[in-house]
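# Structural overview for review
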Amino acid sequence: MWRTIYVSILASFLLVCGLWHMTMPSLTDHWMKNARIVRAVGVLLVALAVPCLAWSGWYFRTLLSALTVSGIWRLCFPQNSIRLQRTIYPRRVHGFLLIGGAIVIWTVRP
């Protein structure tokens with residue numbers, strides 16, 4: 001039961017963030033060029049990874065790895081995160097990737 005709730009929360013979070021990136025890219029870009037906000041997102045991602053420690057299996061180990069790496073990168077190197085996301089692709093593409101991640105998390109759930 002807790003696994004299902006966790007996966008639902010995580011998929012919903014990614015879906016909402018993805019939709020936000022796609023519908024309001026200029027506002028997202030304005031917020032996400034602030035190092036404090038990027039660090040806060042990093043903390044949130046690491047916090048979302050913590051429940052994965054309680055469960056075994058490839059699914060939760062993969063989530064743990066992805067969330068932890070992404071969170072620590074944003075937490076420890078916010079300027080690199082800002083620069084990379086602003087130069088590689090537009091915010092709408094990042095939103096599409098977040099929505100894709102939400103779909104994969106929900107579809108492949110344990």
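For the structure itself, consult the block above.
What comes next is a walk through the structure. What you see is a predicted model, and the numbers here were worked out from it, not measured in a lab. (Residues numbered from 1 in each chain as written. Predicted model: local features only at pLDDT ≥ 70, side-chain atom pairs only at ≥ 80, totals over all residues. Heavy atoms only, no water.)

## Details of the side chain of H21
With respect to the element layout, H21 can be found in helix α1 (residues 2-23). Note on H21: relative accessible area 10%, which makes it buried. There is a polar contact of 2.8 Å between the side chain of H21 and the backbone oxygen of C17. Among residues more than four places away in sequence, those in contact with H21 are T28, R91, R92, H94, G95 and L98. (Helix = DSSP H or I, 4+ residues; strand = E, 2+ residues; numbered from the N terminus. Buried < 20%, exposed > 50% of the residue type's maximum accessible area, 1.4 Å probe, protein only. Polar contact = N/O pair within 3.5 Å; in protein donor to acceptor, adjacent residues only side chain to side chain. Contact = heavy atoms within 4.5 Å.)

## Describing the packing of α1 against helix α3 (residues 35-49)
Closest axis-to-axis distance for the α1/α3 pair is 11 Å, and the angle between their directions is 155°. With respect to α3, the axis of α1 lies roughly antiparallel. The handedness of the crossing between α1 and α3 is left-handed. Side by side, α1 and α3 meet where Y6, L10 and F13 of the first sit next to L44, L45, L48 and A49 of the second. Here the residues of the contact of α1 with α3 sort into seven nonpolar, no polar and no charged. (Axes fitted to C-alpha atoms, helices over the stretch in contact; angles between N-to-C directions. Parallel < 35°, antiparallel > 145°, perpendicular 65-115°, else oblique. Left-handed = near helix turned anticlockwise from the far one by under 90°. Nonpolar A, V, L, I, M, F, W, Y, C, P; charged D, E, K, R; others polar.)

## With respect to the packing of α3 against helix α4 (residues 58-76)
If you want to describe how two helices pack, look at the angle between their axes and the distance between the axes. Where α3 contacts α4, the axes come no closer than 7 Å and their chain directions differ by 155°. The angle between α3 and α4 falls in the class roughly antiparallel. Between α3 and α4 lies a crossing of left-handed hand. Between α3 and α4, the residues in contact are V38, R39, V41, G42, V43, L45, V46, L48 and A49 and L64, L67, T68, S70, G71, I72, R74 and L75, respectively. Partitioning the contact of α3 with α4 into residue classes produces 11 nonpolar, four polar and two charged.

## As for α3
One turn of an α-helix holds 3.6 residues; hence residues three or four places apart share an orientation. Between the first and last C-alpha of α3 there are 21 Å, a value that for 15 residues agrees with the 21 Å anticipated at 1.5 Å per step. Along α3, the residues classified as buried are A35, V38, G42, L45, L48 and A49. Viewed along the axis of α3, the buried residues span an arc of 140°, placing them on a single side of the element. Check the buried side of α3 and you find it contacts α1, α4 and α5 (78-88). The N-terminus of α3 is capped by N34, whose side-chain oxygen sits 2.9 Å from the backbone nitrogen of R36. (Expected span 1.5 Å × (residues − 1). Arc of directions from axis to C-beta.)

## Brief notes about the nonpolar core
Core analysis: the biggest nonpolar cluster contains 17 residues, and Y6, L10, F60, L63, L67 and I105 have the highest contact counts within it. Counting residues per element, the ones that place at least two in this core are α1, α3, α4 and α6 (91-107). If one sorts the elements of this core by residue count, α1 sits on top with five residues. If we ignore the near neighbours within four places in the chain, the residues touching L63 are Y6, L10, C52 and I105. (Core = buried A, V, L, I, M, F, W, Y, C linked by side-chain atoms within 4.5 Å.)

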